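Each chain, letter by letter, is given below.
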Amino acid sequence: RKEVEQDPGPFNVPEGATVAFNCTYSNSASQSFFWYRQDCRKEPKLLMSVYSSGNEDGRFTAQLNRASQYISLLIRDSKLSDSATYLCVVKRDGGFKTIFGAGTRLFVKA
Amino acid sequence: DTAVSQTPKYLVTQMGNDKSIKCEQNLGHDTMYWYKQDSKKFLKIMFSYNNKELIINETVPNRFSPKSPDKAHLNLHINSLELGDSAVYFCASSQSGRDNVLTFGAGSRLTVL
């Protein structure tokens, strides 16, 4: 079993849709949490950090539930440019170990 | 000015050869990493170095030898290349600390024939 699990998708949604991604992690020693985005044949880039209090950045909302070891990402009003792979990421071991989920692919269609 | 730069971007070579990939960061970070992304797109940590010291070695075959001559550089040398080594290798850096994020290089696509 992988330490960080995500639904691989793909999610195919029309423009303007709301889409939610889920992620679970198995190591309770995980300390910090992030969502990254990876476009085809590009490097991963930070989308946002995730906190227990929840955080929002424009159309993106991330939430962490430490008790359930569950992380979510909500994208509202999807744009064509949101098409990418979304990677759930956890850090532990003092931050020296950053572990990526396998990613969830999103296709937003016109 | 690229924050994390890797060379070469593409590498095609025969089985059994030895090759190196270089990485440099100009962000002043103290921690650098190598990740491997295989054909299934799974991004797996290989090594983590902090202030030139090896911190994480994720049971990578000893054909892979990282070297960090200083905090700004982390190179990866691979001996006796195998078909299964074909992948995209990403270098990344961060400042140490649990909340600090990774910045990735553009990746080096290695194809072993």
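Read on for an overview of the structure.

What counts and what doesn't
- Residues numbered from 1 in each chain as written.
- Chains lettered and ligands numbered in written order.
- Predicted model: local features only at pLDDT ≥ 70, side-chain atom pairs only at ≥ 80, totals over all residues.
- Heavy atoms only, no water.
- Helix = DSSP H or I, 4+ residues; strand = E, 2+ residues; numbered from the N terminus.
- Rg over C-alpha atoms; globule rule 2.2 N^0.38 Å.
- Buried < 20%, exposed > 50% of the residue type's maximum accessible area, 1.4 Å probe, protein only.
- Contact = heavy atoms within 4.5 Å.
- Lys, Arg positive; Asp, Glu negative; His and termini not counted.
- Charge placed at Lys NZ, Arg CZ, Asp CG, Glu CD.
- Pairing = 2+ DSSP bridges.
- Axes fitted to C-alpha atoms, helices over the stretch in contact; angles between N-to-C directions.

1. Considering the overall build of chain A
Reasoning step 1: The number of helices and strands found in chain A is zero helices and 11 strands.
Reasoning step 2: Element order for chain A, N to C, with α for helix and β for strand: β-β-β-β-β-β-β-β-β-β-β.
Reasoning step 3: Taken over the C-alpha trace, chain A has a radius of gyration of 13 Å; the compact-globule value for 110 residues is 13 Å, and the two agree within 12%.
Reasoning step 4: Taking the principal axes of its C-alpha atoms as reference, chain A extends roughly 40 × 30 × 20 Å.
Reasoning step 5: Taken over 110 residues, chain A has a buried fraction of 49%.
Reasoning step 6: For chain A, restricting intrachain contacts to residue pairs at least 6 apart in sequence, the fraction spanning at least 24 positions comes to 56%.
Reasoning step 7: Between the centroid of the 15 positive side chains of chain A and the centroid of its 11 negative side chains there is a distance of 4 Å.

2. Here we look at the sheet that holds strand β7 (residues 64-70) of chain B
All names here are of chain B.
Reasoning step 1: In space, the four strands of this open sheet follow the order β1-β3-β8-β7, with antiparallel pairing throughout. Pairing within the sheet leaves two strands with one partner each, and these edge strands are β1 (4-7) and β7. Averaged over all adjacent pairs, the angle separating strand axes in this sheet is 15 degrees, with direction ignored.
Reasoning step 2: Where β7 and strand β8 (residues 73-78) come together, five bridges link them in antiparallel fashion. Its bridge partner lying in β8, Phe 64 is registered against Ile 78.

Don't take any of this as a statement about function, it's just geometry.
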